[in-house]
Amino acid sequence: MDTVLFDLDGTLVDTLDDIVRAVNAALRAHGLPVLTHPEVRSRVGEGGTALVDASVRASGRDVGPAVVARAQEAYLTGYAASPAEESRPYPGAVELLSRLRTAGIRTALCTNKAGGVTHALLGALGLDGAFDAVVTGDDPVGRKPSPEPLHHALKLAGGSAGLMVGDSRHDLAAAASAGMPAAWVDFGYGRPDPGQAPDFELPSLDALEAAAGAAGIRLRATR
């Protein structure tokens with residue numbers, strides 16, 4: 001593998017508290033019920049629309065699409081304005097990205113998060129120069145679990161074979177459809193669906209290279 005593709009939330013960065021704060025502020029402003037940390041945690045990999053939809057379902061009301069759209073826009077705007085009050089890279093994340101690129105291995109970010117919020121968060125955390133390619137949830141290629149975002153990220157990064165690292169069933173499904181091996185981080189927000197089997201699990205990001213090697217996956221420099 002000459003490229004490592006990463007999910008963002010729950011994989012490289014712990015963003016949960018900031019997402020809960022921002023989405024609940026938007027929900028309150030539109031008269032919708034707030035979500036608990038576990039409710040948000042279970043839906044982070046699905047993007048912000050899923051969070052607003054969950055609140056609408058919990059309300060039991062007939063909420064029109066215009067209200068949903070306004071709440072969604074308020075969430076994205078508020079979150080992008082302050083994406084990193086409490087969000088921090090997981091231990092070893094910054095070092096891993098630097099280590100891979102120094103070793104000549106390409107890195108790509110493939111997230112279902114909206115582009116504006118993604119780039120604001122990366123900038124706030126000093127990670128905006130850490131990737132050869134960034135593909136977000138509102139790019140024309142679509143969203144995980146489709147394999148197309150992974151194919152697109154690999155192409156943009158200039159790689160030929162990728163390893164996907166993520167924390168959700170969408171990451172595993174996208175990698176399987178794309179014909180890529182997948183690593184699952186066991187400290188993230190999601191859980192694999194029954195029958196989904198990552199090629200290997202990661203207890204920490206520091207373990208990536210060793211765990212990949214133990215699984216028979218060789219990381220190969222291309223530059």
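Residues numbered from 1 in each chain as written. Predicted model: local features only at pLDDT ≥ 70, side-chain atom pairs only at ≥ 80, totals over all residues. Heavy atoms only, no water.

Observations regarding the packing of aromatic side chains
Aromatic rings in a pair are described by how distant their centres are and how their planes are angled relative to each other. Cut-off, in case you're wondering: Here a Phe, Tyr or Trp ring, Trp counted by its six-membered ring, pairs with any other such ring whose centre lies within 6.5 Å, and the pair is stacked when the planes are under 30 degrees apart, edge-to-face when over 60, and tilted otherwise. Helix and strand assignments come from DSSP, with helices taken as H or I runs of at least 4 residues and strands as E runs of at least 2, each series counted from the N terminus. For every residue, the accessible area obtained with a 1.4 Å probe (protein chains only) is divided by the maximum for its type, and the residue is called buried under 20%, exposed over 50%, and partly exposed between those limits.
Within this structure, the stated rule accounts for 2 aromatic pairs. Both rings, one in Y75 and one in Y79, keep their centres 5.7 Å apart while their planes meet at 10°; by these two values the pair is stacked. Placement of both Y75 and Y79 in helix α4 (residues 65-81) is noted, with a separation of 4 residues, approximately one turn of the helix. For Y79, a relative accessible area of 1% corresponds to the buried category. For the pair Y90 and F187, a centre-to-centre distance of 4.8 Å together with 55° between the ring planes defines the contact as tilted.

Concerning the packing of helix α1 (residues 16-29) against α4
So the rule is basically this: Inter-axis angles, ranging from 0 to 180 degrees, are taken between N-to-C directions of lines fitted to C-alpha atoms, where helices are fitted over the stretch in contact. Small angles under 35 degrees read as roughly parallel and large ones over 145 as roughly antiparallel, with 65 to 115 read as roughly perpendicular and the rest as oblique. Crossing chirality is assigned from the near helix's rotation relative to the far helix, an anticlockwise turn below a right angle marking it left-handed and a clockwise turn marking it right-handed. Working rule for contacts: check all heavy atoms of both residues, and any pair within 4.5 Å makes them a contact. We call Asp, Glu, Lys and Arg charged. Ala, Val, Leu, Ile, Met, Phe, Trp, Tyr, Cys and Pro are nonpolar, and the rest, Gly among them, are polar.
Two numbers describe how α1 lies on α4: the axes approach to 8 Å, and their chain directions differ by 140°. The angle between α1 and α4 places the two elements in the oblique class. At the point where α1 passes α4, the crossing takes the right-handed sense. Across the interface between the two elements, D18, I19, A22, V23 and A26 from α1 touch A71, A74, Y75 and Y79 from α4. Of the residues that constitute the contact of α1 with α4, the class distribution is 8 nonpolar, no polar and 1 charged.

Details of the sheet that holds strand β8 (residues 200-202)
Two orientations exist for strands paired in a sheet by backbone hydrogen bonds: parallel and antiparallel. Heads up, the condition is: Only strands that DSSP links by at least two bridges are regarded as paired with each other.
In spatial order, the strands read β5-β4-β1-β6-β7-β8; together these 6 strands make up an open sheet with parallel pairing. For this open sheet the edge positions go to β5 (133-135) and β8, each flanked by a neighbour on one side alone. Looking at each pair of strands side by side, their axes are set apart by 25° on average, direction ignored. Looking at chain direction, strand β1 (residues 3-6) and strand β6 (residues 162-166) are connected through 4 bridges and run parallel. Counterpart to V4 in the pairing with β6 is L163. Docked against the sheet, helix α7 (residues 148-157) engages β1, β4 (106-110), β5 and β6, running at close to 160° with respect to β5.

Describing the pairing of β1
In β1, alternate side chains face the same way, and those of T3 and L5 on one face and V4 and F6 on the other are all buried. One ladder, built from 4 bridges, connects β1 with β4; its direction is parallel. Considered in β4, the bridge of T3 is made with R106.

Observations regarding the side chain of T118
By the secondary structure assignment, T118 is in helix α6 (residues 115-124). With near-sequence residues (within four places) excluded, T118 lies in contact with L8, L109, T111, K113, V134 and T136.

Remarks on the environment of G78
Of note, G78 is situated in helix α4. C-alpha of G78 to C-alpha of A22: the two residues are 56 residues apart in sequence and 6.1 Å apart in space.

A few points about the pairing of strand β7 (residues 182-185)
Where we set the bar: Crossovers are marked right-handed if the path from the first strand over the helix to the second runs clockwise, as seen with the strands pointing away from the viewer.
Burial along β7 is two-sided: A182 and W184 facing one way and A183 and V185 facing the other are all buried. For the segment spanning β6, helix α8 (residues 169-178) and β7, crossover handedness is right-handed. As paired strands, β7 and β8 are joined by 3 bridges and run parallel to one another. Counterpart to V185 in the pairing with β8 is L202.

Thoughts on the environment of G31
Among the structural elements, G31 can be located in the loop between α1 and α2 (37-41). Take G31: its relative accessible area is 46%, and that puts it in the partly exposed class. Separated by 134 residues in the primary sequence, G31 and V165 have C-alpha atoms spaced 37 Å apart.

Things to note about α1
Owing to its 3.6 residues per turn, the α-helix aligns residues three or four sequence positions apart on the same side. So the rule is basically this: To estimate the expected span of a helix, subtract one from its residue number and multiply by 1.5 Å.
Between the first and last C-alpha of α1 there are 20 Å, a value that for 14 residues agrees with the 20 Å anticipated at 1.5 Å per step. Those residues of α1 not exposed but buried are L16, D18, I19, V20, A22, V23, N24, A26 and L27. Considering only its buried residues, α1 is in contact with β2 (13-14), α2, α3 (48-59) and α4. Looking one or two residues beyond α1, the residue adopting positive phi is G31, at roughly 70°.

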